[in-house]
Amino acid sequence: MPSTPDLNPLRALAADPAAQAAYAVTLLAPAAGRPAHMAALDALGKHPTPDARPALMALYEHLSASGPKRDAGAFLRRAIVEALRPVALPADAALLAAAASTVERMPPFFKDEAVGLRAAALLALNEVDAELAAFHATRLLVDEHADPMSGEPGVSAAVRKSWAGVSSH
């Protein structure tokens, strides 16, 4: 079991967003563990940095290699995609498209737990490849695995369709 790195420096660097983001990147190593990953992703969500992109991609790949085992519920993968969104590049489209297609039915009810990941991935994909995002949005509008309470990822797909390819870049 991985030991959690010291998170005190991350908190201590709050007054220096660039230094905090740089330290957060060091916490994205797979061996750092879930608490460190969550703290780092929170910091990177507040202070995005392009320097985090390779570590975000590597951690996502590590977790997705055995999604339900390494990241039950896809919560870390969703946070990674959300942190990646402001710094994503067109080269990330394949990873984001795969994330937008991820379905994970978890016991005991075998309800899909990856709806949030699919929604976040669709929004990030729209930033780097609006045309590919449009195809996924159309598919997600009628997603048979959509959450009956939130409507996700169909809600994000409908929002994306209403933007009709508008990107924040």
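Residues numbered from 1 in each chain as written. Predicted model: local features only at pLDDT ≥ 70, side-chain atom pairs only at ≥ 80, totals over all residues. Heavy atoms only, no water.

**Let's talk about the environment of Lys46**
Here is the rule we go by: Under the DSSP-based scheme used, a helix requires at least four consecutive residues in state H or I and a strand at least two consecutive residues in state E, with every element numbered from the N terminus. The cut-offs for exposure are 20% and 50% of the maximum accessible area for each residue type, with area from a 1.4 Å probe on protein chains only; residues under the lower value are buried, those over the upper are exposed, and the others partly exposed. Identification of polar contacts relies on pairs of N or O atoms within 3.5 Å, with a donor-acceptor requirement for protein atoms, meaning one able to donate a hydrogen and the other able to accept it, and with residues adjacent in sequence counted only if both atoms are side-chain atoms.
Locating Lys46 in the fold gives a position in helix H3 (residues 34-46). Since its relative accessible area comes to 56%, Lys46 is described here as exposed. Sequence spacing of Lys46 and Ala21 is 25 residues, and the spatial spacing of their C-alpha atoms is 8.8 Å. Here the side chain of Lys46 touches Asp42 through a polar contact of 3.1 Å, side chain to side chain.

**Looking at the side chain of Thr49**
Worth spelling out the cut-off: When checking whether two residues touch, look at their non-hydrogen atoms; a contact exists if any pair is within 4.5 Å.
Within the secondary structure layout, Thr49 lies in the loop between H3 and helix H4 (53-64). For Thr49, a relative accessible area of 15% corresponds to the buried category. Residues contacting Thr49, with those up to four places away along its chain left out, are Ala21, Val25, Leu44 and Val87.

**Quick notes on the environment of Asp51**
Among the structural elements, Asp51 can be located in the loop between H3 and H4. By relative accessible area, which is 62% here, Asp51 ends up exposed. Separated by 36 residues in the primary sequence, Asp51 and Val87 have C-alpha atoms spaced 8.7 Å apart.

**Side note on the pattern of salt bridges**
As a reminder of what qualifies: By definition, a salt bridge exists where a carboxyl oxygen of Asp or Glu is found within 4 Å of a side-chain nitrogen of Lys or Arg.
Summed over the entire model, instances satisfying the criterion amount to 7 salt bridges. The partner of Glu82 in a salt bridge is Arg78, and the shortest N-O contact between them spans 3.0 Å. In this pair, Glu82 and Arg78 are both assigned in helix H6 (residues 75-84), 4 residues apart and thus about one turn of the helix distant. Of the residues examined, Arg78 reaches a relative accessible area of 36% and is grouped as partly exposed. Overlapping salt bridges bring together Arg34, Asp71, Arg77 and Glu104 as one network.

**Examining the confidence of the model for the chain**
Test applied: In predicted models, pLDDT denotes the confidence assigned by the predictor to each residue on a 0 to 100 scale.
Of all residues in the chain, 85% have pLDDT values of 70 or greater, and the mean over the chain is 87. Within the model, the stretch residues 164-169 combines pLDDT values under 50 with 8 contacts to residues more than four positions away or in other chains.

**What to know about the nonpolar core**
Just so we agree on the cut-off: We define a nonpolar core as any set of buried Ala, Val, Leu, Ile, Met, Phe, Trp, Tyr and Cys residues linked to one another through side-chain atoms lying within 4.5 Å.
Grouped together as the largest cluster of nonpolar side chains are 46 residues, with contacts concentrated most on Leu28, Leu41, Leu44, Leu56, Val81, Leu84 and Leu96. Looking at this core, the elements that each hand over two or more residues are helix H2 (17-26), H3, H4, H6, helix H7 (93-99), helix H8 (115-128) and helix H9 (130-140). When residues in this core are grouped by element, the largest group, 7 residues, is from H8.

**A few points about H4**
Our working rule: By this rule the span expected of a helix is its residue count minus one, scaled by 1.5 Å.
Taking 1.5 Å of rise per residue, 12 residues should cover 16 Å, and H4 covers 16 Å from first to last C-alpha, within 8% of that figure. Along H4, the residues that are buried comprise Arg53, Ala55, Leu56, Met57, Leu59, Tyr60 and Leu63. On its buried side, H4 packs onto H2, H3, helix H5 (67-70), H6, H7 and H8.

**Structural notes on H6**
The element H6 is extensively covered by neighbouring structure, given that 7 of its 10 residues are classed as buried. Residues Leu76, Arg77, Ala79, Ile80, Val81, Ala83 and Leu84 constitute the buried set of H6. Turning to H6, the residues buried within the fold contact H3, H4, H5, H7 and H8.

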